[in-house]
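Structure assessment
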Amino acid sequence: MSSASIIAISGALQGSLSVIITILYGVAAARFNIVSPTTTRDVSRLCADILLPALLFTSIGKNLSFSQLLLYLPIVLWSLVCILISTILGKLAARWLKLPSWIVALSTFNNSTSLPILLTQIFAETGILSRIAGADVDAAVERATTFYLVNSLVAKIATFTVGPSLFDQNSLTSKESKSETPFTTTPSPEMSEVSALLPKHRVSTKIPSTSIRRRFRSFSPVTWSAILATGIGLYPPLHRLFFSPQEEGGYFSVSISGSLSNIGRLFASLQTLIVGAKLSRSFERHSNQESSNPPAKALIVILVIRFVLWSFISVPFIYCLALYTDLLPADPVMWWCMILIPVGPPAMTLSTLVDVINVGESDKNMVARTLAFMYGVTPVMSLAVVAALKACVVVMEKKGMAY
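Reading the values: the criteria
- Residues numbered from 1 in each chain as written.
- Predicted model: local features only at pLDDT ≥ 70, side-chain atom pairs only at ≥ 80, totals over all residues.
- Heavy atoms only, no water.
- Helix = DSSP H or I, 4+ residues; strand = E, 2+ residues; numbered from the N terminus.
- Buried < 20%, exposed > 50% of the residue type's maximum accessible area, 1.4 Å probe, protein only.
- Areas by Shrake-Rupley, 256 points an atom, 1.4 Å probe, with all protein chains shown as cover.
- Polar contact = N/O pair within 3.5 Å; in protein donor to acceptor, adjacent residues only side chain to side chain.
- Contact = heavy atoms within 4.5 Å.
- Axes fitted to C-alpha atoms, helices over the stretch in contact; angles between N-to-C directions.
- Parallel < 35°, antiparallel > 145°, perpendicular 65-115°, else oblique.
- Nonpolar A, V, L, I, M, F, W, Y, C, P; charged D, E, K, R; others polar.
- 1 Å grid on protein atoms, 1.4 Å probe; cavity = no way out; pocket = protein on both sides within 12 Å on 5 of 7 lines; lining within 4 Å.
- Points joined across faces, edges and corners; volume = space filled by probe spheres on them.
- Salt bridge = Lys/Arg side-chain N within 4 Å of Asp/Glu carboxyl O.
- Phe/Tyr/Trp six-rings, centres within 6.5 Å; stacked < 30°, edge-to-face > 60°.
- UniProt positions renumbered as here; feature names shortened; annotations may be inferred.

**Some thoughts on the overall build of the protein chain**
What the protein chain contains, in helices and strands, is 18 helices and zero strands. Here the protein chain holds 403 residues, and the buried ones make up 54% of them. Carbon together with sulfur atoms contributes 64% to the accessible area of the protein chain, which is approximately 18,500 Å² in total.

Encoded structure:
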């Protein structure tokens, strides 16, 4: 093995371990009562309603224009393909191995926001991205963040529209369902990874007078942020006002966009910290429950689909698309992101989904334990990271692209 490969593996492993250690900081904070459940919920709401929308607004708005609309089309299509294939694989495994239905959802939806963004930032610091990003690594990180956020929007819509249908009706608690008020507010599909750390939406006893009013009330801050980012990004005068240098007419680029960018950068690390606190509370709450440990076969299936199979599928597929076709832009950072999009642990958003659709208490406990285990094995992603990097470098060399 070459020294370059060893350095790449070492850097990727350090980046993955950094995420795990950040999660452990959150676990320790919860264990020593430094972070209370109330604080966890409040910080979760801060991440969901302020930090993530700010990050999305500055990342997508700055990089969006009519000329770049087609740039994000491969990300959207690839996200949909990954969700479809993961669903099929999960359903086949659940049927053949007679596993609980919740493994389908955990096999289908992976962490598409905080984890990949934080990993990208760490990989940039370790120097891994410099081989495909060139001299301007900061710009590459910004582009990668935008690609991940576009994928995240697709994933959130699918999670809360397709997700409930992935659960077997026998796993739902009919008693709890009957006790629910029929006019419970449905969570917005664009909820972020941090939404998994929030409690159930409050029950509303009022029926909106019109469907339009109900639709607008269901919009989350993330939804409004995406709408504003799209509108401002696609309208040249506003784009210049918010995102151009001040000497070129960007009078709000420092005061508004700059401040939003500053708080948006806090999202990935703070969200990861809160994930640890949430997982710690889940273990405390369920430690005395019976049947709270997930089946070993379920853990193996999710691990294989999310970390192994998708690594073997996405690396050669994106490699061939980038090398032999003109379907993808000549951007190695995009290739790298597309390879890693389907790889990684299940989304924390799923802990909210099982609450909303009234999954049985035993299954809720097993989902919490499964999420904890999957985040614990995240360092195995280092192999996929190195494979993705090598694939992109080979394509660059064969195409004569030099950074």
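**Focus: the side chain of T146**
Assignment of secondary structure puts T146 in helix α7 (residues 137-161). By relative accessible area, which is 1% here, T146 ends up buried. Here the side chain of T146 touches E142 through a polar contact of 3.0 Å, landing on its backbone oxygen. When neighbours within four sequence positions are excluded, T146 is seen to be in contact with S59, I60, N63 and Y72.

**Examining unusual backbone geometry**
Positioned with a positive phi, N33 is a non-glycine residue whose angle comes to about 60°. Here N33 shows up in the loop between α1 (3-31) and α2 (37-63). On the basis of relative accessibility, which here comes to 60%, the residue N33 falls in the exposed class. Phi is positive for K98, which is not a glycine, with a value near 55°. Considering the arrangement of structural elements, one finds K98 in the loop between α3 (73-97) and α4 (102-108). Its relative accessible area of 77% is what places K98 among the exposed residues.

**Side note on the packing of helix α10 (residues 221-234) against helix α11 (residues 236-243)**
Packing of α10 against α11 brings their axes to within 5 Å, and their N-to-C directions diverge by 105°. Taken together, α10 and α11 sit at an angle that is classed as roughly perpendicular. Across the interface between the two elements, I232, G233 and L234 from α10 touch P236, L238, H239, F242 and F243 from α11. Split into classes, the residues belonging to the contact of α10 with α11 amount to six nonpolar, two polar and no charged.

**A word on empty space enclosed by the protein**
Evaluation of the coordinates by the stated rule reveals four cavities of 30 Å³ or more. What lines the largest cavity is simply S79, C82, I83, T108, F109, N110, S112, N151, A155, R306, I341 and P342. Those elements that provide at least two residues to the lining of the largest cavity are α3 and α7. Here the lining of the largest cavity takes three residues from α3, the largest share from any one element.

**As for the layout of surface pockets**
Each pocket or cavity is described by its volume, and for the second largest pocket that value is around 570 Å³. S59, D138, E142, S261 and R265 are, among the 21 residues lining the second largest pocket, the residues nearest its centre.

**Let's talk about the pattern of salt bridges**
Side chains carrying opposite charge are able to pair once their charged atoms draw close together. Counting across every chain of the model gives two salt bridges. Of the charged contacts, one joins K62 and E142 as a salt bridge, the two residues approaching to 3.6 Å between their closest N and O atoms. Separated by 80 residues along the polypeptide, K62 in helix α2 and E142 in helix α7 bring together distant segments of the chain. Among the residues examined, K62 registers a relative accessible area of 40% and is labelled partly exposed. Judged by relative accessible area, E142 falls into the partly exposed class, the value being 25%.

**A few points about the packing of aromatic side chains**
All chains considered together, the criterion is met by seven aromatic pairs. Measuring from ring centre to ring centre gives 6.2 Å for F57 and F242, while their planes differ by 80°; the resulting arrangement is edge-to-face. Within this pair, whereas F57 is found in helix α2, its partner F242 is found in helix α11, the two being separated by 185 residues in sequence. An identical accessibility class is assigned to F57 and F242; each is buried. Here the aromatic rings of W78 and F317 are separated by 5.3 Å at their centres, their planes lie at 15°, and the arrangement is stacked. Within this pair, whereas W78 is found in helix α3, its partner F317 is found in helix α14 (residues 296-324), the two being separated by 239 residues in sequence. What makes F317 partly exposed here is its relative accessible area of 40%.

**Here's the deal with the UniProt feature "transmembrane region" (unreviewed entry) in the protein chain**
Residues annotated by UniProt as "transmembrane region" (unreviewed entry) correspond here to residues 6-34, 70-89, 219-238, 298-321, 333-359 and 371-396. Helix makes up 85% of residues 70-89 and strand 0%, with an end-to-end C-alpha separation of 30 Å. The span residues 298-321 shows a helical share of 100% and a strand share of 0%, and its end C-alpha atoms are spaced 33 Å apart.

**Let's talk about the environment of I117**
In this fold, I117 is placed in helix α5 (residues 114-126). Looking at I117, the relative accessible area reads 1%, which means it is buried. Separated by 30 residues in the primary sequence, I117 and F147 have C-alpha atoms spaced 9.8 Å apart.

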